[in-house]
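As a plain string of letters, each chain reads:
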Amino acid sequence: MAHTLWFTGLSGAGKSTLSQLVAKELKERGQKVEILDGDEVRTHLSQGLGFTKEDRDTNVRRIGYVCKLLTRNGVWAVSAAISPYREGREYNRAQIKDFIEIYVECPLEKLAERDVKGLYKKAIAGEIKNFTGVSDPYEPPTNPEITVNSSTETVEKSFAKILGYLENRNLIPKRGMAARA
């Protein structure tokens, strides 16, 4: 049975990296998978939306709607989007029967430290307005199914934690079982 895996966290926390690894592994285990990465969605599905609270809410609801369609049709939907407001994520949880929230936690200081694009530096200097976590709020999940911390865990450890959750609940076949299924 397909599920929606909803990766949330600040910019640069590792949502895209982990979502791509998980999607690749799901495919290797015989699952149908689609990734909805926040940056790609903004280009193709939410073009023209800005970064006001209303526009962000609209973007998150659109991603959620596509995830709902995919999931109910047997395709794992893997969303990697900041989705800063708890209310938007909870709305999607209520709409999608099989919803798993994955919080990719990382302190702002660490993100600013490893910021290859220089976005945090610009946001902190006031050059970028409405930047989530700096001049716009990010509301961490209160009860995610999975929490990984990219400042204290390796990518491999976080990846293993996510797969372990899915395997332990028999949501995906264990390694080596997919070929026999």
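Up top is the structure.
Residues numbered from 1 in each chain as written. Predicted model: local features only at pLDDT ≥ 70, side-chain atom pairs only at ≥ 80, totals over all residues. Heavy atoms only, no water.

**Student:** What is the right way to read the overall build of the protein from this model?
**Tutor:** Helices and strands together make up the secondary structure of the protein, namely 7 helices and 5 strands. In the protein, the succession of α and β elements from N to C terminus is β-α-β-α-α-β-α-β-α-α-β-α. Over its C-alpha atoms the protein spans a radius of gyration of 16 Å, differing by no more than 12% from the 16 Å that the globule rule assigns to 181 residues. The principal-axis extents of the C-alpha atoms in the protein amount to approximately 55 × 30 × 30 Å. When contacts within the protein are restricted to residue pairs at least 6 apart in sequence, those whose partners lie at least 24 apart make up 74%. Here the protein has roughly 9,600 Å² of accessible surface; of this, 51% comes from carbon and sulfur atoms. Across the protein, the 28 positively charged side chains and the 24 negatively charged ones have centroids separated by 4 Å. (Helix = DSSP H or I, 4+ residues; strand = E, 2+ residues; numbered from the N terminus. Rg over C-alpha atoms; globule rule 2.2 N^0.38 Å. Contact = heavy atoms within 4.5 Å. Areas by Shrake-Rupley, 256 points an atom, 1.4 Å probe, with all protein chains shown as cover. Lys, Arg positive; Asp, Glu negative; His and termini not counted. Charge placed at Lys NZ, Arg CZ, Asp CG, Glu CD.)

**Student:** Just checking my understanding: could you explain the pairing of strand E3 (residues 76-80) for this structure?
**Tutor:** Strand residues, when the strand is regular, have side chains that alternate between the two faces of the sheet. Among the 5 residues that make up E3, 5 are buried, leaving the element largely enclosed by the rest of the structure. Residues Trp76, Val78 and Ala80 of E3 are buried on one face, and the alternating residues Ala77 and Ser79, pointing to the opposite face, are buried as well. Sheet topology note: the strand E1 (residues 4-8)/E3 ladder contains 4 bridges and is parallel. In the strand pairing of E3, Leu5 is matched with Val78. Examined bridge by bridge, strand E2 (residues 33-37) and E3 share 5 bridges and lie parallel to one another. Residue pairing in the sheet places Ile35 in a bridge with Val78 of E3. (Buried < 20%, exposed > 50% of the residue type's maximum accessible area, 1.4 Å probe, protein only. Pairing = 2+ DSSP bridges.)

**Student:** Before we go on, may I ask you to explain the layout of surface pockets in this structure?
**Tutor:** Remark: the empty space left among the atoms is shown by a probe the size of a water molecule rolled over them. Approximately 950 Å³ is the volume found for the largest pocket. Taken together, 39 residues line the largest pocket, and the ones lying closest to its centre are Ser11, Gly12, Lys15, Asp39 and Ile82. Counting residues per element, the ones that place at least two in the lining of the largest pocket are helix H1 (15-28), helix H2 (38-44), helix H3 (53-72), helix H6 (119-124) and helix H7 (155-168). The greatest single-element share of the lining of the largest pocket, amounting to 4 residues, is contributed by H1. Residue classes in the lining of the largest pocket are distributed as 16 nonpolar, 13 polar and 10 charged. (1 Å grid on protein atoms, 1.4 Å probe; cavity = no way out; pocket = protein on both sides within 12 Å on 5 of 7 lines; lining within 4 Å. Points joined across faces, edges and corners; volume = space filled by probe spheres on them. Nonpolar A, V, L, I, M, F, W, Y, C, P; charged D, E, K, R; others polar.)

**Student:** Can you walk me through the side chain of Thr8 in this structure?
**Tutor:** Along the chain, Thr8 turns up in strand E1. Residue classification places Thr8 among the buried residues on the basis of a relative accessible area of 0%. Here Ser83 takes part through its side chain, which lies 3.3 Å from a polar atom of the side chain of Thr8. For Thr8, the side chain forms a polar contact with the side chain of Tyr138, separated by 2.8 Å. (Polar contact = N/O pair within 3.5 Å; in protein donor to acceptor, adjacent residues only side chain to side chain.)

**Student:** What exactly am I supposed to notice about the packing of aromatic side chains here?
**Tutor:** Centre distance and the angle of the planes are the two values used to describe a pair of aromatic rings. Scanning the model with the defined rule gives 3 aromatic pairs in all. Ring plane angle 20° and centroid distance 6.2 Å describe the contact between Tyr103 and Tyr138, whose orientation is recorded as stacked. Of this pair, Tyr103 sits in strand E4 (residues 99-105) while Tyr138 sits in the loop between H6 and strand E5 (146-149), and the two are 35 residues apart along the sequence. Stacked on the ring of Tyr85, the Lys or Arg Lys53 has its end atom at 4.5 Å from the ring centre. (Phe/Tyr/Trp six-rings, centres within 6.5 Å; stacked < 30°, edge-to-face > 60°. Lys NZ or Arg CZ within 6 Å of the ring centre and 35° of its normal.)

**Student:** Just to check I follow, could you spell out the environment of Phe7 for this structure?
**Tutor:** Mapping Phe7 onto the fold places it in strand E1. For Phe7, a relative accessible area of 0% corresponds to the buried category. When the C-alpha positions of Phe7 and Thr154 are compared, they lie 17 Å apart, and in sequence the two are 147 residues distant. Excluding residues within four positions of it along the chain, Phe7 makes contact with Lys15, Leu18, Ser19, Val22, Val78, Ser79, Ala80, Ala81, Ser83, Ile102, Val104 and Ile162.

**Student:** Can you walk me through the sheet that holds E2 in this structure?
**Tutor:** With parallel pairing, 5 strands are arranged side by side in an open sheet as E2-E3-E1-E4-E5. Strands with a single pairing partner mark the edges of an open sheet, and in this sheet they are E2 and E5. Within the sheet, the average angular offset between the axes of one strand and its neighbour, ignoring direction, is 15°. This element, H7, spans E1, E3, E4 and E5 of the sheet and lies at about 170° to E5. (Axes fitted to C-alpha atoms, helices over the stretch in contact; angles between N-to-C directions.)

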